[in-house]
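So the chains spell out like this:
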Amino acid sequence: MKTRIGQDGLHLFNRHTGLNILLDEVRADPSAWSSTPRQVSIALTNLCDLHCSFCFAPKHPAMLSAESVAAWLKELDQTGCMAVGFGGGEPTLHPQFAEICQHAAEETRLAVTFTTHGHRLVPPLLERIAGNVHFIRVSVDGVKATYEAQRGRRFSALLERLKDARKLAPLGINVVVNESTVHELDALVKVAYDVGASELLLLPQLAAGEVGAASSAVRHELEQWACSYAGKVRLAVSEAGSEGLPTCDPLPQEKGLRAYAHIDTSGVIRASSYEGPGVRIGADGVLAALNRLKSTIGSEA
Ligand code: SF4
């Protein structure tokens, strides 16, 4: 198991089973706390072969080199980071996606996850990443006609891809909760259960670019649904969208840049993929950039 020391105690994590153990009676001196975020997301490429109207991903051509990603992951791993999540755009369109996953799995102790629209999870790609991915997140915004209107792809085709992906690794379903999807959460839970997914991640829509945030009516309906939920698939919610929802945070003191950071396709590290100042990662590495970012935003984290 990988270990990490922080404000909340000694955290142990097994990337193969997903088991987390927190020994909260262990109180270490702050100088011993891990200096790196618990989780880091990395946007590998801005490329995407879908054209979702609500997409807020940057559209300028940009892609990270596999060598840069490898160097950053080595640093992050050695300083206590637990997991990396690759995203984009569509991360599977990075020409070295399989090699990047393989390097992360074999050369570090990080849990390797990625978020995808799912339509490229066909057997040739799945065979290339087999054994090198510990969790796959697939974005499924609604079911049937709702999904097809938003993504422009057949929902039945997505279901086949989900079943194939589940044979490779544990699976999670991500749903942006908005006016279109909030009424379909029960149907999404059923889809998740039927394909063997272990988690439904609720992402209440945030304002980004021309896309508005979920309305108060949507938030209210989501809260009512979550409070009465008794399904078999685990629910999770983005921290930014969790207000008003009954959540359990096992690491309540590990916040901000100690919990999470995002690296975009230009090699800029920031506190969120949505907004906020960023710092370009230079030759002195990702931790040096992280420290400059902490100074920039005045974070004690
Ligand atoms: S699949 Fe994701 S990255 Fe691609 S267009 Fe849709 S929202 Fe944007």
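Residues numbered from 1 in each chain as written. Predicted model: local features only at pLDDT ≥ 70, side-chain atom pairs only at ≥ 80, totals over all residues. Heavy atoms only, no water.

1. Observations concerning the packing of helix 4 (residues 144-151) against helix 5 (residues 155-168)
Inference 1: At a closest axis distance of 9 Å, the pairing of helix 4 and helix 5 adopts a crossing angle of 95°. For the element pair helix 4 / helix 5, the angle class is roughly perpendicular. Residue-level inspection shows K144, Y147 and E148 of helix 4 in contact with helix 5, the latter providing F155, S156 and L158.
Inference 2: Classifying every residue of the contact of helix 4 with helix 5 gives three nonpolar, one polar and two charged. (Axes fitted to C-alpha atoms, helices over the stretch in contact; angles between N-to-C directions. Helix = DSSP H or I, 4+ residues; strand = E, 2+ residues; numbered from the N terminus. Parallel < 35°, antiparallel > 145°, perpendicular 65-115°, else oblique. Contact = heavy atoms within 4.5 Å. Nonpolar A, V, L, I, M, F, W, Y, C, P; charged D, E, K, R; others polar.)

2. Focus on the packing of aromatic side chains
Inference 1: For the structure shown, the criterion picks out three aromatic pairs.
Inference 2: A ring pair is formed by W225 and Y229, whose centres lie 5.1 Å apart and whose planes are at 45°; its orientation type is tilted. (Phe/Tyr/Trp six-rings, centres within 6.5 Å; stacked < 30°, edge-to-face > 60°.)

3. As for the environment of I136
Inference 1: Within the element layout of this structure, I136 appears in strand 7 (residues 135-139).
Inference 2: In this structure, the C-alpha to C-alpha distance between I136 and A165, residues 29 residues apart in sequence, is 7.7 Å.
Inference 3: Each residue touching I136, except ones within four places of it in the same chain, is listed here: F114, T116, L121, A165, L168, A169, P170, L171 and G172.

4. Here's the deal with helix 7 (residues 216-227)
An α-helical turn contains 3.6 residues, so a residue and the one three or four places further along point in the same direction.
Inference 1: Taking 1.5 Å per residue as the helical rise, helix 7 with its twelve residues ought to reach 16 Å, and the 16 Å between its terminal C-alpha atoms agrees with that figure.
Inference 2: Of the positions making up helix 7, those classed as buried are V218, R219, L222, W225 and A226. Relative to the axis of helix 7, the buried residues are bounded by an arc of 130° and lie together on one face. For helix 7, exposure combined with an orientation more than 90 degrees from the buried face picks out S216, A217 and C227.
Inference 3: Buried residues along helix 7 sit against strand 8 (171-177), helix 6 (185-195), strand 9 (199-204) and strand 10 (234-237). (Expected span 1.5 Å × (residues − 1). Buried < 20%, exposed > 50% of the residue type's maximum accessible area, 1.4 Å probe, protein only. Arc of directions from axis to C-beta.)

5. Notes on helix 5
Inference 1: Relative to the 20 Å expected for 14 residues at 1.5 Å per residue, helix 5 spans 20 Å between its end C-alpha atoms, a close match to the ideal helical length.
Inference 2: Among the residues of helix 5, those classed as buried are F155, L158, R161, L162, D164 and A165.
Inference 3: In this structure, the buried side of helix 5 is in contact with helix 3 (123-129), strand 7, helix 4, strand 8 and helix 6.

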